[in-house]
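A closer look at the structure
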Amino acid sequence: MTETTTLYEAIGGDATVRALTRRFYELMDSLPEAARCRAIHPPDLSGSEEKLYEYLTGWLGGPPIYVEKRGHPMLRRRHFIAEIGPAERDEWLLCFTRALEETVSHQKLREIILEPITRLAFHMQNKE
């Protein structure tokens, strides 16, 4: 019997997910080209960072922290308060892609993660 390795394990587990989410929000907070995305987030990004960390941990195959704490993600519904258009979506993806490139060294793993994350970002868009 072969053991299945989750993406969570393959990228380095908790430390990598923490580094990825931390870097993601550092980039969002500092890149001028992410200003519109930053503007639809709370002034203090720590709550957003913690939620993304919890969500990604479970989504990547680690412990289902988000679901245990907060229930079903219902991501689109939870984000309706923010107007997410093409610019905000693309800026979010820019930050995520850069953070992923900086924290996950294996190119194939980055590709495996980025494809569904990109679909998710398009799904979250709620205005033209």
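Relevant structure appears above.
Residues numbered from 1 in each chain as written. Predicted model: local features only at pLDDT ≥ 70, side-chain atom pairs only at ≥ 80, totals over all residues. Heavy atoms only, no water.

1. With respect to the state of the cysteines
Condition: When the sulfur atoms of two cysteines come within 2.5 Å, that pair is taken as a disulfide. To sort residues, take the accessible area from a 1.4 Å probe on protein chains only and compare it with the maximum for the residue type: under 20% means buried, over 50% means exposed, and anything in between is partly exposed.
Enumeration over the complete set of coordinates arrives at 0 disulfides. No disulfide involves C37; its sulfur sits 5.8 Å from the nearest other cysteine sulfur, which is in C95. By relative accessible area, which is 1% here, C37 ends up buried.

2. A closer look at the nonpolar core
Going by this rule: Only buried Ala, Val, Leu, Ile, Met, Phe, Trp, Tyr and Cys residues count toward a nonpolar core, and they belong to the same one when joined by side-chain atoms within 4.5 Å. Each helix is a run of DSSP H or I of at least 4 residues and each strand a run of E of at least 2, with the numbering of both proceeding from the N terminus.
The biggest cluster of nonpolar side chains holds 33 residues, and the ones touching the most others in it are F24, L56, W92 and F96. Taken together, the elements giving at least two residues each to this core come down to helix 1 (7-11), helix 2 (14-30), helix 4 (46-59), helix 7 (86-103) and helix 8 (107-124).

3. Some thoughts on the packing of aromatic side chains
The condition is simple: Only the six-membered ring of Trp is used, alongside the rings of Phe and Tyr, when aromatic pairs are assigned; centres must lie within 6.5 Å, and planes under 30 degrees apart are stacked while those over 60 apart are edge-to-face, with the rest tilted. Two conditions define a charge sitting above a ring: the NZ of Lys or the CZ of Arg must be within 6 Å of the ring centre, and it must be within 35 degrees of the ring normal.
This structure, assessed with the given rule, holds 5 aromatic pairs. Centre to centre, the rings of F24 and F96 are 6.0 Å apart; their planes meet at 65°, and the pair counts as edge-to-face. Taken together, the residues span a long stretch of sequence, with F24 in helix 2 and F96 in helix 7 at a distance of 72 residues. This pair shows no difference in class: F24 is buried, exactly as F96 is. Ring geometry for W92 versus F96: centroids 5.4 Å apart, planes at 10°, classification stacked. Residue W92 and its partner F96 are located together in helix 7, separated by 4 residues, close to a single helical turn. Per residue, the accessibility class of W92 equals that of F96, and both read buried. Connected via pairs of aromatic rings, a cluster forms that spans F24, Y25, W92 and F96. Above the face of the Y53 ring, R18 is positioned so that its terminal group lies 3.6 Å from the ring centre. Here R89 stacks its cationic end above the ring of F122, 3.9 Å away from the centre of that ring.

4. Some thoughts on the side chain of S48
Note the following rule: When checking whether two residues touch, look at their non-hydrogen atoms; a contact exists if any pair is within 4.5 Å.
Following the sequence through the fold, S48 ends up in helix 4. Classification of S48 by relative accessible area gives buried; the value is 15%. The residues contacting S48, other than those within four sequence positions of it, are Y25, H41 and P42.

5. A word on the pattern of salt bridges
Applied cut-off: One speaks of a salt bridge when a side-chain nitrogen belonging to Lys or Arg is within 4 Å of a carboxyl oxygen belonging to Asp or Glu.
This model, assessed by the stated rule, comprises 12 salt bridges. In this structure, R23 engages E102 in a salt bridge whose closest nitrogen and oxygen atoms are separated by 2.5 Å. You can see R23 sitting in helix 2 and its partner E102 sitting in helix 7, a full 79 residues away along the chain. With a shortest N-O distance of 3.1 Å, R119 and E115 are connected by a salt bridge. Taken together, the positions of R119 and E115, both in helix 8 and 4 residues apart, correspond to about one turn of that helix. Classification of R119 by relative accessible area gives exposed; the value is 52%. Where salt bridges share partners, they join R23, E26 and E102 into one cluster.

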